Amino acid sequence: MASSTTPRPVLKQPVKLACVQLASGPDKTANLLHAADKVREAAATGAKIVVLPECFNSPYGCDHFPAYAETLLPSPPTPSQSPSFHALSAMARDNNIYLIGGSIPEQVTTEEDEKKTYYNTSLTFSPTGALLATHRKVHLFDISIPGGITFRESDVLSPGNKVTLVDLPEYGRLAVAICYDVRFPELATVAARRGCFALVYPGAFNLTTGPLHWQLLGRARAVDNQLYVALCSPARDLSAGYHAWGHSLVVDPMAQVMVEAGEGEEVVVAELDGDRIEQARKGIPLRDQRRFDVYPDVSQGKVNDEEP
Ligand SMILES: NC(=O)CC(=O)C(=O)O
């Protein structure tokens, strides 16, 4: 059955994308300054889309979310409500890049009863420093692997409720989601069907799931959807409470790993080219072969994409 929902070409011109595998510590101000240095380094490679990792300005862990949380609404927040918002906006503007600003813990306080709700939130900025999109992690990281890792984000965080599609006028559309979201193929596929050329996931896998699933999931989402996938991790820090896997990577539409970092701090850069998407889709024409008569509900491609 022919699919008619995807505008082509999905990537209007080649673009370099950089993942900044950042080393962060407990000092937020130092983390923001360091992120600015590394974003400048990434932009100096010619990258026009730069990605930071999940929880790039704080340690990652349920105990840390409330202490590091910032207020983002109403938007724009003041610098004291959200120093990270303003630092990210300046990094995007100063380097003339699209910046997918990893994620930060966000706090929303209700006026009536002062109740606090926390989210794991990614902000994307344009080259002018304007906020383009906000993604709150939709699927919270709640797992328990005996002898491995137990983590329960839902003890502290609330989930977001939308698919985040970002239009970059010169290039096309990409989707932003966070870490555990990569395990859910539905979100990726609906984003692809809405015309994305790339799926970008700031993430922080760990030493149990990282070696098993990080690259596998990046390649799986790429081959499912025949587009680019970028996964951006913090650098590994064995003195921190959470040991990130690292291995930030970019995968092409045929599921080949184009670049992959090691464990330490590193910037990896790949050039994304629309022809590679078209060739993958021409050679293996999944999009024209889908059988929405057999599984019709996915074909609707309906999502909640309203900004908070
Ligand atoms: N940190 C995450 O959200 C996810 C993760 O580490 C995993 O899925 O494994």
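Just so we're clear, the structure is a prediction, and the values are computed from it rather than from any experiment. (Residues numbered from 1 in each chain as written. Predicted model: local features only at pLDDT ≥ 70, side-chain atom pairs only at ≥ 80, totals over all residues. Heavy atoms only, no water.)

**Topic: a nonpolar patch on the surface**
Next up, step 1: The grouping of Val294, Tyr295 and Val298 at the surface amounts to a nonpolar patch, some 260 Å² of accessible area in total.
Next up, step 2: In this structure, Val294 sits in the segment after helix H7 (286-289).
Next up, step 3: Classification of Val294 as exposed rests on a relative accessible area of 54%. (Patch = residues over 30% accessible without salt bridge, like charges linked within 9 Å, V, L, I, M, F, W, Y side chains within 5 Å. Areas by Shrake-Rupley, 256 points an atom, 1.4 Å probe, with all protein chains shown as cover. Salt bridge = Lys/Arg side-chain N within 4 Å of Asp/Glu carboxyl O. Helix = DSSP H or I, 4+ residues; strand = E, 2+ residues; numbered from the N terminus. Buried < 20%, exposed > 50% of the residue type's maximum accessible area, 1.4 Å probe, protein only.)

**Describing the pattern of salt bridges**
Pairing between side chains of opposite charge can happen when their charged atoms approach one another.
Next up, step 1: For the coordinates displayed, the defined rule picks out 13 salt bridges.
Next up, step 2: When the shortest N-O distance is used, the salt bridge between Lys137 and Glu153 registers 3.0 Å. Within this pair, whereas Lys137 is found in the loop between strand E6 (131-136) and strand E7 (142-144), its partner Glu153 is found in the loop between strand E8 (150-152) and strand E9 (164-168), the two being separated by 16 residues in sequence.
Next up, step 3: Accessibility expressed as a relative area gives 0% for Lys137, which makes it buried.
Next up, step 4: Among the residues examined, Glu153 registers a relative accessible area of 0% and is labelled buried.
Next up, step 5: Across the salt bridge formed by Arg221 and Asp224, the nearest N and O atoms sit 3.1 Å from each other. Of this pair, Arg221 and Asp224 are both found in helix H5 (residues 209-225), 3 residues apart, which corresponds to roughly one turn of the helix.

**Thoughts on the packing of aromatic side chains**
Centre-to-centre distance and the angle between the planes together describe a pair of aromatic rings.
Next up, step 1: Under the criterion given, the structure shown has 11 aromatic pairs.
Next up, step 2: Taking the centre distance of 6.0 Å and the plane angle of 65° together, the rings of Tyr60 and Phe65 count as edge-to-face. (Phe/Tyr/Trp six-rings, centres within 6.5 Å; stacked < 30°, edge-to-face > 60°.)

**Section: H5**
Because an α-helix packs 3.6 residues into every turn, residues spaced three or four apart end up facing the same way.
Next up, step 1: Spanning 17 residues, H5 covers 23 Å between terminal C-alpha atoms, matching the ideal 24 Å at 1.5 Å per step.
Next up, step 2: Along H5, the sharpest kink reaches roughly 25°, centred on Leu217.
Next up, step 3: For H5, the full list of buried residues reads Thr209, Gly210, Trp214, Leu217, Gly218, Ala220, Arg221, Ala222 and Asn225.
Next up, step 4: Backbone geometry just downstream of H5 places Gln226 in the positive-phi region, at approximately 55°. (Expected span 1.5 Å × (residues − 1). Bend = angle between axes of the 7 residues up to and from the residue.)

**What to know about the packing of helix H4 (residues 185-193) against H5**
Next up, step 1: Viewed as axis vectors pointing N to C, H4 and H5 meet at an angle of 40°, and their least axial separation amounts to 10 Å. On the basis of their axis angle, the class for H4 and H5 is oblique. Handedness of the crossing formed by H4 with H5: right-handed. For the pair formed by H4 and H5, the contact residues are Pro185, Ala188, Thr189 and Ala192 on the first element and Arg221, Asp224 and Asn225 on the second.
Next up, step 2: Classifying every residue of the contact of H4 with H5 by side-chain character gives 3 nonpolar, 2 polar and 2 charged. (Axes fitted to C-alpha atoms, helices over the stretch in contact; angles between N-to-C directions. Parallel < 35°, antiparallel > 145°, perpendicular 65-115°, else oblique. Left-handed = near helix turned anticlockwise from the far one by under 90°. Contact = heavy atoms within 4.5 Å. Nonpolar A, V, L, I, M, F, W, Y, C, P; charged D, E, K, R; others polar.)

**Remarks on the UniProt feature "domain: CN hydrolase" (unreviewed entry) in the protein**
Next up, step 1: Residues given the UniProt feature "domain: CN hydrolase" (unreviewed entry) here are residues 15-274.
Next up, step 2: In the segment residues 15-274, helix accounts for 23% and strand for 30%; the C-alpha atoms at its two ends are 9 Å apart. (UniProt positions renumbered as here; feature names shortened; annotations may be inferred.)

**As for the pairing of strand E5 (residues 116-125)**
Next up, step 1: Along E5, 9 of the 10 residues are buried, which leaves the element largely enclosed by surrounding structure.
Next up, step 2: Bridge count between strand E3 (residues 98-100) and E5: 2 bridges; the pairing is antiparallel. The residue bridging Leu99 from the neighbouring strand is Phe125, located in E5.
Next up, step 3: Summarising the sheet, strand E4 (residues 104-109) and E5 pair through 6 bridges and their orientation is antiparallel. Following the sheet pairing, Glu106 is matched in E5 by Tyr119.
Next up, step 4: As defined by bridge partners, E5 adjoins E6 across 5 bridges and the pair is classed as antiparallel. Across the sheet, the residue bridging to Leu123 is Thr134, located in E6.
Next up, step 5: Linking E5 back to E6 in an antiparallel pair, the connection comprises 5 residues, with Gly129 at a positive phi of about 90°. (Pairing = 2+ DSSP bridges.)

**Brief notes about the site of the ligand**
Next up, step 1: Residues in close proximity to the ligand include Glu54, Tyr60, Lys137, Phe141, Cys179, Tyr180, Arg183, Ala204, Phe205, Asn206, Thr209 and Tyr242, which together make up its full environment.
Next up, step 2: The side chain of Arg183 places a nitrogen or oxygen atom 2.6 Å from an oxygen atom of the ligand.
Next up, step 3: Interatomic distance of 3.2 Å between a side-chain N/O atom of Asn206 and an oxygen atom of the ligand.
Next up, step 4: Against a free-state accessible area of 270 Å², the protein chains account for coverage of 100% of the ligand. (Near = heavy atom within 4 Å. Polar contact = N/O pair within 3.5 Å; in protein donor to acceptor, adjacent residues only side chain to side chain.)

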